[in-house]
Amino acid sequence: MAHWGEHVPRALRLAREALHLEEDEALAEEQANVFYQYLLLERLGKAEARFWRENRSPKLRARLEQLLEDLSHPVSPNLSGFEPGLAEPLYRRRLIDLAMERILGERLAPETCLLAEPMENLKFPGMIRHAVIFAAVHFFTHEFYPLAVDALVRDLGRYGKPRFSLLGVHVDWLDENGNLRRLLYADFERHCFFEADLRFPLRPDSIQFLCLGEEEQDWHRRLSARLDYPQANPAEAAEPADDKSETLAGWSALSVEISAFKTIACGDLTAVREFMARHGDCVIKPNRGTEGKEVTYFRRGNWCEADLERCLKRCWQLGPAIVQERRDGLLYLAPQTGERHSLALRLNLVFDGAGWRLQSGYAQLGRDAETPASVGRGGSILPLDEVLPHLARRRESEKPTPRLDENCWSLIREQAERAAILFEGLLLVGLDLLLDVDSRGAIIPVFLEANPRPAGLSRSRLLAQSPFSPAQPGVGLRFWDGLENLIQQRRKTGIST
């Protein structure tokens, strides 16, 4: 036990800090997993943790399982007197999930406390139970937490008390009837999430799909068809957003600015060559891809035929591809380093029951100027107010760089709210757009694609008025107006909730 004992004091201190406890305050039984997760990290050590974070190896889980197997307890008098659940397979698995989150990324949400025993007679602060269904376990709470905060802020401002209770539900926590048999929820008074089985299955009042993993579109279709509840993003309404070519065609009909594009059927190399011969720099991507996967830039007159064929073959493994004229005339010029990065703006729009409203957003940066602006491709996310003052022409020979002002932002807002009209039936959609420069030297927004399960919610900042000043974290308070309206309409029509 000596090799563990030396790590106990620091692990306890870190757990207390994360749980907002007083120094030397004993941990409750449901908080024990937080201590154990920090104990695993301490035992792993900073150097090894850095190795796993940089290499993203799937062997990390096996390494943590080995350490957990080696751990005997109790390891501290502060935790004696109860069995914290380490003998239960699900408890151990979730403990390792949470430890992996700490290793692989920064903490953007409160800790999750695991209850070893099923809960019964669970009372939530709000009368409307909204379940957010997910499949990808890592960092789900980062997407879930800003929604929970938004709901509480909106409810307190509107009703003076909570009205919505948000419940996080993994796809494996649904029973055969679509009821909830396990969930997690935010306890704002104790500054943490709680997660536990339910002794009696629970029916939510509404649902939403987020963080569905690599097979998100298939998961979305299956779950949406199976679960008979009012849905904030039903699969049928999400379908146009999941099909890039359908989205672009729809936007063109709405007079929303897009780049020239063509859908490329599997094997049709001639069509893509002809398109690239007629246009400038181009980008090729899967028509139904996500997170920047297989997205490749090609410079006009300076691309290799073998590279083109390899790119298309990878795209065609996922179905038809799409080729577009590259229209990101403006990049981000990092003021500290002078480095240039590709740039896309993510704007979150909500339907509040009366119309679409731009509510929040952030800037997505590429690793460099020739890599797509996507976290999945090594990029990063920054608030809009930190990015918009530092724009530069992609072609350095083209000067000067126009300034994005309030008039330009008004145009972006108007175009975004018009673009969202395409997605009838959704209450929240993320729109990606580029910034280009027209022949007169004016900035024009060029809309790229849409996501009916928008990610990066923990990075979103509210855009009540302007994107040029620091803003509070949030997704969109008016989303909850739209959801409440949907639930009320469904109840009026007699549809079961």
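Data block above holds the structure.
On a predicted model such as this, the values are computed, not experimentally measured, just so you know.

K.L.:
Could you clarify how one ought to interpret the packing of helix H2 (residues 8-18) against helix H3 (residues 32-44) in this entry?
P.N.:
The axes of two packed helices give the description: the angle between them and the distance between them. Relative orientation of the contacting elements H2 and H3 amounts to 130 degrees, with a least axis distance of 8 Å. Looking at the two axes, H2 sits oblique to H3. Both H2 and H3 take part in a crossing whose hand is right-handed. Mapping the contact onto sequence places Val8, Arg10, Ala11, Leu12, Leu14, Ala15 and Ala18 in H2 and Val34, Phe35, Tyr38, Leu39 and Glu42 in H3. A breakdown of the residues in the contact of H2 with H3 according to their chemical character gives 10 nonpolar, no polar and 2 charged.

K.L.:
What's the story with the nonpolar core in this structure? I'm lost.
P.N.:
Nonpolar side chains in soluble globular proteins generally cluster together in the buried interior. Residues Phe35, Leu64, Ile103, Ile133, Val169, Leu180 and Leu183 are the most contacted members of the largest nonpolar core, which totals 86 residues. The element best represented in this core is H3, accounting for 9 residues. Among residues more than four places away in sequence, those in contact with Leu180 are Ala131, Leu167, Val169, Trp173, Leu174, Leu198, Phe200, Pro201, Leu202 and Pro204.

K.L.:
Is there a simple way to explain a positive patch on the surface in this structure?
P.N.:
Among the surface-exposed residues, Lys46, Arg50, Arg53 and Arg56 lie close enough to one another that they form a single positively charged patch. Turning to its location among the elements, Arg56 is positioned in the loop between helix H4 (46-55) and helix H5 (60-70).

K.L.:
Would you take a moment to explain the packing of aromatic side chains for this structure?
P.N.:
Here a ring pair, both rings aromatic, is described through the centre-centre distance and the interplanar angle of the planes. Applying the stated criterion across every chain, the model contains 15 aromatic pairs. Plain terms: the ring middles of Phe134 and Phe140 are 3.8 Å apart, the flat faces sit at 10 degrees to each other, and that makes the pair stacked. Overall, Phe134 belongs to the buried group, its relative accessible area being 1%. What makes Phe140 buried here is its relative accessible area of 1%. In this structure, Arg182 packs its charged tip against the face of Trp173, placed 5.3 Å from the ring centre. The cationic tip of Arg326 hangs over the ring face of Tyr297; the distance from NZ or CZ to the ring centre is 3.7 Å.

K.L.:
Explain the pairing of strand E8 (residues 282-286) to me, please; I cannot follow it from the model alone.
P.N.:
Here is the key point about a regular strand: its side chains alternate between the two faces of the sheet. In terms of residue burial, E8 counts as a mostly covered element, since 5 of its 5 residues are buried. Here E8 runs beside strand E9 (residues 296-298); their pairing, made up of 3 bridges, is antiparallel. Among the inter-strand pairings, Val283 is bridged to a residue of E9, identified as Tyr297. Pairing of E8 with strand E10 (residues 321-325) involves 5 bridges; the strand directions are antiparallel. Directly across from Ile284, in E10, lies its bridge partner Val323.

K.L.:
What is the right way to look at the pairing of strand E2 (residues 128-134) in this model?
P.N.:
Within E2, 6 of the 7 residues are buried, which leaves the element mostly enclosed by the surrounding structure. As judged from the 7 bridges shared by E2 and strand E3 (residues 164-170), these two strands associate in the parallel manner. Note on E3: the bridge partner recorded for Ile128 is Phe164. With helix H7 (residues 140-159) bridging E2 and the parallel E3, this β-α-β connection has right-handed handedness. Bridge count between E2 and strand E6 (residues 206-209): 4 bridges; the pairing is parallel. In the sheet register, Ile133 faces E6, and the bridge partner there is Phe209.

K.L.:
Help me understand the sheet that holds strand E16 (residues 391-393), please; the structure alone is not making it clear to me.
P.N.:
Reading across the sheet, the 3 strands line up as E12-E11-E16 and stay open at both edges, with antiparallel pairing between neighbours. At either end of the open sheet lies a strand with only one pairing partner, and these are strand E12 (340-341) and E16. Pairing of strand E11 (residues 330-333) with E16, which is carried by 3 bridges, proceeds in the antiparallel orientation. Considered in E16, the bridge of Tyr332 is made with Leu391.

K.L.:
How do you make sense of the side chain of Arg346 when you look at a structure like this?
P.N.:
Position of Arg346 relative to the elements: it lies in strand E13 (residues 343-351). On the basis of relative accessible area, Arg346 is assigned to the buried category, the value being 5%. If sequence neighbours within four positions are ignored, Arg346 has contacts with Ser360, Gly361, Tyr362, Gln364, Gly430, Leu431, Asp432, Asn451, Pro454 and Ala455.

K.L.:
What should I look at first to understand the sheet that holds E9 in this one?
P.N.:
Note: strands within a sheet are paired through backbone hydrogen bonds, in either parallel or antiparallel orientation. Read across the open sheet, the 4 strands follow the order E7-E10-E8-E9; overall the sheet is antiparallel. The open sheet has two edge strands, strand E7 (261-264) and E9, and neither has a second partner. Across the sheet, the mean angle separating the axes of adjacent strands is 20 degrees when strand polarity is ignored. Sheet topology note: the E7/E10 ladder contains 4 bridges and is antiparallel. Bridge pairing links Phe261 to Gln324 in E10.

K.L.:
Before we go on, may I ask you to explain the side chain of His7 in this structure?
P.N.:
Structurally, His7 is set in the loop between helix H1 (2-5) and H2. By relative accessible area, which is 16% here, His7 ends up buried. If we ignore the near neighbours within four places in the chain, the residues touching His7 are Leu39, Glu42 and Arg43.

K.L.:
What should I look at first to understand the pattern of salt bridges in this one?
P.N.:
A side chain of one charge can pair with a side chain of the opposite charge when the charged atoms of the two come close. Here the structure, examined in full by the defined rule, presents 44 salt bridges. A salt bridge links Glu48 to Arg63; the shortest N-O distance between them is 2.7 Å. Here Glu48 is found in helix H4, whereas its partner Arg63 is found in helix H5, with 15 residues between them in sequence. Overall, Glu48 belongs to the partly exposed group, its relative accessible area being 22%. Salt bridges sharing partners connect three or more residues here, namely Asp281, Arg299, Arg326, Asp328, Glu370, Arg394 and Arg395.

Rules behind the numbers
- Residues numbered from 1 in each chain as written.
- Predicted model: local features only at pLDDT ≥ 70, side-chain atom pairs only at ≥ 80, totals over all residues.
- Heavy atoms only, no water.
- Axes fitted to C-alpha atoms, helices over the stretch in contact; angles between N-to-C directions.
- Helix = DSSP H or I, 4+ residues; strand = E, 2+ residues; numbered from the N terminus.
- Parallel < 35°, antiparallel > 145°, perpendicular 65-115°, else oblique.
- Left-handed = near helix turned anticlockwise from the far one by under 90°.
- Contact = heavy atoms within 4.5 Å.
- Nonpolar A, V, L, I, M, F, W, Y, C, P; charged D, E, K, R; others polar.
- Core = buried A, V, L, I, M, F, W, Y, C linked by side-chain atoms within 4.5 Å.
- Buried < 20%, exposed > 50% of the residue type's maximum accessible area, 1.4 Å probe, protein only.
- Patch = residues over 30% accessible without salt bridge, like charges linked within 9 Å, V, L, I, M, F, W, Y side chains within 5 Å.
- Areas by Shrake-Rupley, 256 points an atom, 1.4 Å probe, with all protein chains shown as cover.
- Salt bridge = Lys/Arg side-chain N within 4 Å of Asp/Glu carboxyl O.
- Lys, Arg positive; Asp, Glu negative; His and termini not counted.
- Charge placed at Lys NZ, Arg CZ, Asp CG, Glu CD.
- Phe/Tyr/Trp six-rings, centres within 6.5 Å; stacked < 30°, edge-to-face > 60°.
- Lys NZ or Arg CZ within 6 Å of the ring centre and 35° of its normal.
- Pairing = 2+ DSSP bridges.
- Right-handed = clockwise from strand over helix to strand, strands pointing away.

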